[in-house]
Amino acid sequence: MSQPFRTEKGGRIDRAEQLTFTFDGEEMQGHKGDTLASALLANGVHLVGRSFKYHRPRGILTAGSEEPNALVGVYRNGDQTPNLRATQVELYRGLEAVSQNRFPSLGFDIGAVNDLLSPLFPAGFYYKTFMWPHAFWDRVYEPIIRSAAGLGKPPKNPDHDFYGNIYAHCDVLVVGSGPTGLAAALAAAETGAKVMLVDEQAEFGGSLLSEAGASIDGKDPAEFVAETIAKLAAMDNVTLLPRTTAFGYFAHNYISLAERVTEHLPTPDPKLPRERLWQVRAKEVVIAAGAIERPMVFPENDRPGILLADAGRTYLNRYGVKVGHKVLVATACDSAWQAAFDLADHGVDVAAIVDMRETPPESLMSIAEARGIRVEAGCVVTGTLGRKRVKGALLGRMMTSGQVASGGQIDCDALLMSGGWTPTVSLYSQSRGKVVWDADKGAYVPGRSVQKERSAGGAKGLYGLQATLEDGYAAGEEAAKTATGKSAKVTYVSASGGEAGSGGILGALPHDRNASRVKAFVDYQNDVTAKDVKLAVREGMQSIEHIKRYTTTGMATDQGRLSNMNALEIASGALQKPMTDVGLTTFRQPYTPTTFGLFAGISRGDFFDPVRKTPSHDWVVENGGVFEDVSQWKRAWYFPKSGEDMHAAVARECKTARESVGLFDASTLGKIEIVGPDAAEFLERMYTNPWKKLAPGRCRYGLLLNDAGFITDDGVIGRLAEDRFHVTTTTGGAPSVFATMEDYLQTEWPDLDVWITSTTEQFAVAAVQGPKAREVIAPFIEGLDLSADAFPHMSVKEATFCGVPCRLFRISFTGELGFEINVPRRHGKMMWETLAKEIEKHNGTVYGTETMHVLRAEKGYIIVGQDTDGTVTPQDAGMTWAIGKKKFDFVGKRGLARPDLVADGRKQLVGLLTKDPKVKLEEGAQITTAEQPATGTPAEGHVTSSYYSPALDRTIALAIVKNGHALEGKTLYVPMPTGSIPVEVTGTVFYDKEGARINV
Amino acid sequence: MLLIYCPYCQVERAETEFACRGEAHIARPADPSQTTDEEWVEFLYMRDNTKGIAAERWRHIHGCGRFFNAVRDTVSDNFLKFYKAGEPKPDLEALAKEAGK
Ligand SMILES: [Zn+2]
């Protein structure tokens, strides 16, 4: 028989459909309906991984998403998805899975030597080991730790799957579809409320799918599930989402769901996403997440073959898999007994039930007796035997003294344990609710609701089939009524069997072994033992938050859902404080590990960030231009001719523009239209310069400050009419300038009659600069006298360009005769191609942003954000000429009078010329007064712009330097690794200082 | 993600449509030249950073573009009131009491 641990009958698997899969290359069989974990167990495979730190052999511990050990990689299309929990991986034909964190093989792992060296890896080992010497970190510690510890390997290729995203609203969101969730969804749906029911598993039903010997409404629980789901599916107001994890509960009842759409399919439809992110706004939420079983903390509680009792029961009843042929059940509570009974009913040899309680309930004892099961009451497991598979357990007899006496040894090939149940309060905790300790239940349960939610059933510590069903109905009814105001008569059905029982234990269990030599695991995934928690307390950790970080307990992917309560009890004992005084860590989003792909959605590649292109884009591509990114814009950087590098191309472009003419795409500049009777008054208040007397048809350079007095933006502003201005801003500053204007207009000066509109995208702008600029544009402009007298520097007029209406500015960012032509954007390509052809006749050039930068630096024109950094005032920049002295107020005026802004010692904008004209400074380089400053000497300033200037045939630079304006002619130094560079402080204008070239 | 009501559009919309612009009811002095350095610094930089009930400026930046004010409990993130810019500052203590704080 190929699956030696498969039961004869029963379970929800499709026995008719046999599926072949591989694990570490070995071919095995399973059935449709299996998880990878259940299929492996059916084949007798328990050893599925090596632990994180000690590389100890580990097996499947649970049957759910909290699984800490059985992390596997699954191959698809040649790529591996690491760290999937085998308990959640649905089996399909041809599934290819591998184990992780082992070398060279799962059976023989060299890293297991860590287990023997474990005294070297105590709690806080990361903090201790890597403290000293510092130099060891990069070369020794990190490479070793990185290769030895860890989980799966990340995939090497880009993710070839895609991910969907959907927004949804509902009245009632029900999370979990066990008895509570099903009842809640049904009750809410019957009122007509819009209901969403989600469950992380492939099949709805939760614990009902592994329930045996109980009945609901006289039916088998699984039948009840099928009928209820069919009823819900037929209702228009219900959305059913299986394979969907509610992983995040955020503010205002905003819940994120991860739906796994295709991962379970052997050949997914390529049109479907791998996963889909649901962003749900729910009026009310019912958290029916149930409870999970707690491991028992006894020595060697981590051997393969040791599982939680309820997981053993789930594998048996739901998947038709026996976890072993001879199974020992260790417990301190009633519920695990049912696992033993179910196993016995399937003919499995139950080695014994070992219950820590002196007198387990008589009702259970008699059932055990009827089945001939050996019971060891008042006994505890004190250790286990075997390495890659448990072979037996050591027993200890609990004595009244609290000591444990050796109680012999029992052979077994599997061990089921149960320390009791822990309500799943993760989502409640994420909703910012504070859990409260319930002494009767021995558990933390949800306290007051902070958001519009209620926990129901196991999630609030309520157990037993009848009780959880009832609680579910009530929660669903109440949620629907609160959300919609509607209610309906809901039929409650009753159940028999599936009683809750009692009992449970927290913390490390007593034993008679050498405490310093044994390992009893608290957190399996992070390899944290009871000893580690105690050590952390001995070393001074008092708060559970510190203990958590020092030991890493509760920091694995389950966030301590399995381990927290045991760790708390151990810490409380070591601290000699009541557990409730030790504190509790907070559960955070996401509930279970969530892929990056889900969050990224379609925001990858071209969709990662929008790309903004100017009308010349295609022409630039065709003509070999090189682009640079300026915020989201693609801007032409330079236009190399064949054989030219960047330096040569820029030098040629600069020279040509100054000697004849250059054409530049300035479309990215921000543009804002300011219109209304108070438009001039508004600008008067926003900008430092005076505007009221600016005549229509004229332009002015505008400087924008914030109210602190620092430069934030600049640009030329043209007055088109009494009540209409065309404002330009920097490329990157456009959105923030617009937002700032709106802010002042709406909230400080709502009395002003002004409209402001962003027009950046409305216009395409071509800058034609150089001595021949007028000749270049003249053939295309109509309706305007371009002569110097009629249209002098700093003019703006409306005209036509090739018959298209345009706004023509005579302005210059180069120091040459210059025009900027604004046409409606749809005509931008035509304008660019027309002008590009025309400049050729004049031996002109197109130029990019690099040449633009050089030309403006030669003239000392600043670039806000490059030559300023948010702490530069107009005085610092040598631009007091831009301030309207007689103005009553403008944004920043009062700020400029602050003592620190007028004090001596401010950093000021200057020019720098290196003594050696060939040496080009690094932008950002620090400036000092001493040639060889002592280490720790503060810099006097830094270089903000640095270029080779073709016009001067030497390098030039701008810098901000402490008291720079007073240092003109003085020598400073720019210390670099290759030596200190002497520089002379100069003015900021390097070329055509008198400005003659601009006024022609 | 917060759910925010725009008093101009009169609709509830997701936080992604809005931008928070800090503490509300800090008026720019009508004649800044008459303020002392301390008063100006207070206006520029000093904010209450309230833990609890606070009035904030919000802008429906990807909607109508209007600025408005909202009273929010900065601990629970619950909004207690939304109102248009220019309307007087509500009695925060009374709002808090009403909300059971
Ligand atoms: Zn709005």
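Residues numbered from 1 in each chain as written. Chains lettered and ligands numbered in written order. Predicted model: local features only at pLDDT ≥ 70, side-chain atom pairs only at ≥ 80, totals over all residues. Heavy atoms only, no water.

Engineer: Sorry, what's going on with the overall build of chain A here?
Structural biologist: The helix and strand inventory of chain A stands at 25 helices and 50 strands. Projecting the C-alpha coordinates of chain A onto the three principal axes gives extents of approximately 115 × 70 × 55 Å. Put simply, chain A has 1000 residues, and 57% of those count as buried. Accessible surface, chain A: about 40600 Å² in total, of which carbon and sulfur atoms supply 53%. Put simply, chain A has 108 plus and 120 minus side-chain charges, and the middle of one group is 2 Å from the middle of the other. (Helix = DSSP H or I, 4+ residues; strand = E, 2+ residues; numbered from the N terminus. Buried < 20%, exposed > 50% of the residue type's maximum accessible area, 1.4 Å probe, protein only. Areas by Shrake-Rupley, 256 points an atom, 1.4 Å probe, with all protein chains shown as cover. Lys, Arg positive; Asp, Glu negative; His and termini not counted. Charge placed at Lys NZ, Arg CZ, Asp CG, Glu CD.)

Engineer: What is the right way to read the overall build of chain B from this model?
Structural biologist: Secondary structure assignment for chain B yields two helices and six strands. Principal axes of the C-alpha set define a box for chain B whose edges measure 40 × 30 × 20 Å. The buried share of chain B, taken over its 101 residues, is 39%. Intrachain contacts of chain B at a sequence separation of at least 6 include 47% that bridge at least 24 residues. With the model as given, the accessible surface of chain B reaches about 5700 Å², and the carbon-plus-sulfur share is 47%. Looking at charge distribution, chain B has the averaged site of its 14 positive side-chain charges lying 6 Å from that of its 17 negative ones. (Contact = heavy atoms within 4.5 Å.)

Engineer: Honestly, the sheet that holds strand S20 (residues 379–385) of chain A in this entry has me stumped. Any pointers?
Structural biologist: Within a beta sheet, neighbouring strands are joined by backbone hydrogen bonds and run either parallel or antiparallel to one another. Residue and element names in this part refer to chain A. As summarised here, the arrangement of the three strands in space is S20-S21-S22, forming an open sheet in which the pairing is antiparallel. Of all strands in the sheet, those with a lone pairing partner are S20 and strand S22 (404–411), marking the two edges. This sheet shows a mean twist of 30 degrees between the axes of neighbouring strands, independent of strand direction. Bridge count between S20 and strand S21 (residues 392–398): six bridges; the pairing is antiparallel. If you follow Leu385 over to S21, its bridge partner there is Gly392. (Pairing = 2+ DSSP bridges. Axes fitted to C-alpha atoms, helices over the stretch in contact; angles between N-to-C directions.)

Engineer: Can you help me understand unusual backbone geometry in this one?
Structural biologist: Note: most peptide bonds trans; most residues except glycine with negative phi. Following Gln589 of chain A, the chain continues to Pro590 of chain A via a peptide bond in cis, the omega torsion being -5 degrees. Summarising the element assignment, Pro590 of chain A is placed in the loop between helix H15 (579–582) and helix H16 (596–600). Despite not being glycine, Asp992 of chain A has its phi angle at roughly 50 degrees, a positive value. For Asp992 of chain A, a relative accessible area of 12% gives the class buried. Positive phi is not limited to glycine here, since Gln10 of chain B has a value of about 55 degrees. Turning to its location among the elements, Gln10 of chain B is positioned in the loop between strand S1 (3–6) and strand S2 (11–14). Using a relative accessible area of 54% as the deciding quantity, one classes Gln10 of chain B as exposed.

Engineer: Sorry, what's going on with the sheet that holds strand S33 (residues 662–665) of chain A here?
Structural biologist: Residue and element names in this part refer to chain A. With mixed pairing, the seven strands of this open sheet are ordered in space as S40-S41-S42-S43-S39-S33-S44. In the strand order of this sheet, the two ends are held by strand S40 (781–782) and strand S44 (845–846), each with one partner. Here S40 pairs with strand S41 (residues 795–801) via two bridges, running antiparallel. Paired with Ile781 across the bridge in S41 is Phe801.

Engineer: Explanation requested: the interface of chain B and chain A in the structure shown.
Structural biologist: One widely used convention gives an interface's size as the accessible area the parts lose upon coming together. Between chain B and chain A, the contact holds 29 residues from the first and 28 residues from the second. Counting the surface lost from both chain B and chain A, the interface buries some 2200 Å², and carbon and sulfur atoms represent 48% of this. Salt-bridge contacts for Asp889 of chain A lead to Arg28 of chain B; the nearest nitrogen and oxygen are separated by 2.9 Å. Joining chain B to chain A, the criterion identifies 17 residue pairs in polar contact (both at pLDDT 80 or more). Among the secondary structure elements, those contributing two or more residues to the side of chain B that touches chain A are helix H1 (37–45) and strand S4 (53–59) of chain B. (Buried area = accessible area lost by both parts, 1.4 Å probe. Salt bridge = Lys/Arg side-chain N within 4 Å of Asp/Glu carboxyl O. Polar contact = N/O pair within 3.5 Å; in protein donor to acceptor, adjacent residues only side chain to side chain.)

Engineer: Even after reading the chapter, I still don't get the pairing of strand S36 (residues 711–721) of chain A, so can you show me in this structure?
Structural biologist: Regular strands place their side chains on alternate faces of the sheet. Residue and element names in this part refer to chain A. Taking burial as the measure, the eleven residues of S36 include nine buried ones, the bulk of the element. The pairing of strand S35 (residues 699–705) with S36 spans seven bridges and is antiparallel. In the strand pairing of S36, Tyr701 is matched with Val716.

Engineer: Would you explain the coordination of the zinc ion in this entry?
Structural biologist: Four donors placed tetrahedrally around a metal ideally meet at 109.5 degrees, and six donors placed octahedrally ideally meet at 90 or 180 degrees. All names here are of chain B. Protein-derived ligands of the zinc ion are Cys6 (SG), Cys9 (SG), His60 (ND1) and Cys64 (SG), with the metal-ligand distances lying across 2.0 to 2.3 Å. One can describe the site at the zinc ion as tetrahedral: its four donor atoms subtend angles covering 105 to 115 degrees at the metal. When the donors of the zinc ion are listed by position in the chain, the intervening gaps give C-x2-C-x50-H-x3-C. Remark: Cys64 occurs in the loop between S4 and strand S5 (67–73) and Cys9 occurs in the loop between S1 and S2; sequence separation between them is 55 residues. For Cys9, a relative accessible area of 32% gives the class partly exposed. (Donors = N, O, S within 2.8 Å, 3.2 Å for Na, K, Ca; no water. Tetrahedral: all angles 85-135°; square planar, octahedral: opposite > 155°, others 65-115°.)

Engineer: Mind showing me how you'd approach empty space enclosed by the protein here?
Structural biologist: Residues and elements named next belong to chain A. Scanning all chains against the criterion turns up seven cavities of 30 Å³ or more. Approximately 140 Å³ is the volume found for the largest cavity. Lining the largest cavity are 14 residues, and of these Thr422, Pro423, Val425, Met565 and Phe587 sit closest to its centre. Elements supplying a minimum of two residues to the lining of the largest cavity: strand S24 (421–423), strand S26 (443–446) and helix H14 (564–575). Residues of the lining of the largest cavity, tallied by class, amount to eight nonpolar, five polar and one charged. (1 Å grid on protein atoms, 1.4 Å probe; cavity = no way out; pocket = protein on both sides within 12 Å on 5 of 7 lines; lining within 4 Å. Points joined across faces, edges and corners; volume = space filled by probe spheres on them. Nonpolar A, V, L, I, M, F, W, Y, C, P; charged D, E, K, R; others polar.)

Engineer: I keep staring at the state of the cysteines and nothing clicks. Help me out?
Structural biologist: Residues and elements named next belong to chain B. Evaluation of the coordinates by the stated rule reveals zero disulfides over all chains. Distance from the sulfur of Cys20, which forms no disulfide, to the nearest cysteine sulfur (Cys6) is 14 Å. Cys20 sits in the partly exposed class, given a relative accessible area of 34%. (Disulfide = S-S within 2.5 Å.)

Engineer: For this particular structure, what's the right way to read a nonpolar patch on the surface?
Structural biologist: Residue and element names in this part refer to chain A. Together, Phe103, Phe108 and Ile110 make up an exposed nonpolar region whose accessible area comes to about 360 Å². Its place among the elements puts Ile110 in the loop between strand S7 (96–98) and helix H2 (113–116). Overall, the relative accessible area of 48% leaves Ile110 in the partly exposed class. (Patch = residues over 30% accessible without salt bridge, like charges linked within 9 Å, V, L, I, M, F, W, Y side chains within 5 Å.)

Engineer: Please explain the pattern of salt bridges as it appears in this structure.
Structural biologist: Two side chains of opposite charge can pair, provided their charged atoms sit close to one another. All names here are of chain A. Scanning the model with the defined rule gives 53 salt bridges over all chains in all. Here Glu300 ties to Arg513 by a salt bridge, and the two come within 2.8 Å at their closest N and O atoms. Of this pair, Glu300 sits in the loop between strand S15 (291–293) and strand S16 (306–308) while Arg513 sits in the loop between strand S28 (495–496) and strand S29 (521–523); the two residues are 213 residues apart in sequence, bridging distant segments of the chain. Ionic pairing is found between Glu858 and Arg658, a salt bridge with its closest N-O pair at 2.6 Å. Linking Glu858 in helix H23 (residues 849–858) with Arg658 in helix H18 (residues 646–659), this pair joins segments that are 200 residues apart in sequence. Across the pair, Arg658 and Glu858 agree in class, each one buried. The network of salt bridges with shared partners includes Arg56, Arg58, Asp302 and Asp527.

Engineer: It is not clear to me how the packing of aromatic side chains should be interpreted in this structure. Could you clarify?
Structural biologist: What describes a pair of aromatic rings is the distance from one ring centre to the other and the angle between the planes of the rings. Per the counting criterion, the structure on display carries 24 aromatic pairs over all chains. For the ring pair Tyr701 of chain A and Trp881 of chain A, a centre distance of 5.7 Å and an interplane angle of 45 degrees mean the geometry is tilted. Of this pair, Tyr701 of chain A sits in strand S35 while Trp881 of chain A sits in the loop between H23 and helix H24 (893–896), and the two are 180 residues apart along the sequence. Aromatic ring contacts, followed pair by pair, group Tyr5, Phe18, Trp58, Phe68, Phe79 and Phe82 of chain B into a single cluster. The side chain of Arg66 of chain B reaches across the aromatic face of Tyr8 of chain B, ending 4.1 Å from its centre. (Phe/Tyr/Trp six-rings, centres within 6.5 Å; stacked < 30°, edge-to-face > 60°. Lys NZ or Arg CZ within 6 Å of the ring centre and 35° of its normal.)

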